[in-house]
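# Geometric and topological summary
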Amino acid sequence: MIRATLALVLHSLTRIRAIVIGISLVLAGFQFLLTQVAAYLMRTQAFGLLASLIIYRESRDASQAAESSEALIARGMSGLRIGPS
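About the cut-offs
- Residues numbered from 1 in each chain as written.
- Predicted model: local features only at pLDDT ≥ 70, side-chain atom pairs only at ≥ 80, totals over all residues.
- Heavy atoms only, no water.
- Helix = DSSP H or I, 4+ residues; strand = E, 2+ residues; numbered from the N terminus.
- Buried < 20%, exposed > 50% of the residue type's maximum accessible area, 1.4 Å probe, protein only.
- Polar contact = N/O pair within 3.5 Å; in protein donor to acceptor, adjacent residues only side chain to side chain.
- Expected span 1.5 Å × (residues − 1).
- pLDDT = per-residue confidence, 0-100.

### Focus on the overall build of the chain
Helix and strand counts for the chain stand at three helices and zero strands. For the chain, the α and β elements follow one another from N to C terminus as α-α-α.

Written out as structure tokens, the structure reads:
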């Protein structure tokens, strides 16, 4: 039973060997590219700039969200009629 399963697995691996090798090479290439980008960012000390950009964007998005929710509440309250119409 185990030998038959092992034989089937080996047969399947030999059939898809090129695909597995190709995917491995692509992933290795992306990993190498990622390390090179990280090394460049460290050399140029751009991590701090990138962090400040992300923090600025998050704070800007939060303030815009608060402003838009306040505007929605104000519009909703202006359309609200209390009492007989």
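### Considering the environment of T14
Position of T14 relative to the elements: it lies in helix α1 (residues 2–15). Looking at T14, the relative accessible area reads 44%, which means it is partly exposed. Of note is the side chain of T14, whose polar atom sits 2.7 Å from the backbone oxygen of H11.

### Looking at helix α2 (residues 17–43)
Between its first and last C-alpha atoms α2 spans 39 Å; for 27 residues at 1.5 Å apiece the expected length is 39 Å, and the two agree. At the exit of α2 stands Q45, carrying a positive phi of roughly 50°.

### Some thoughts on the confidence of the model for the chain
Per-residue confidence for the chain gives a mean pLDDT of 77; residues scoring 70 or more make up 64%. Per-element mean pLDDT across the chain ranges from 64 in helix α3 (residues 46–78) up to 92 in α2.

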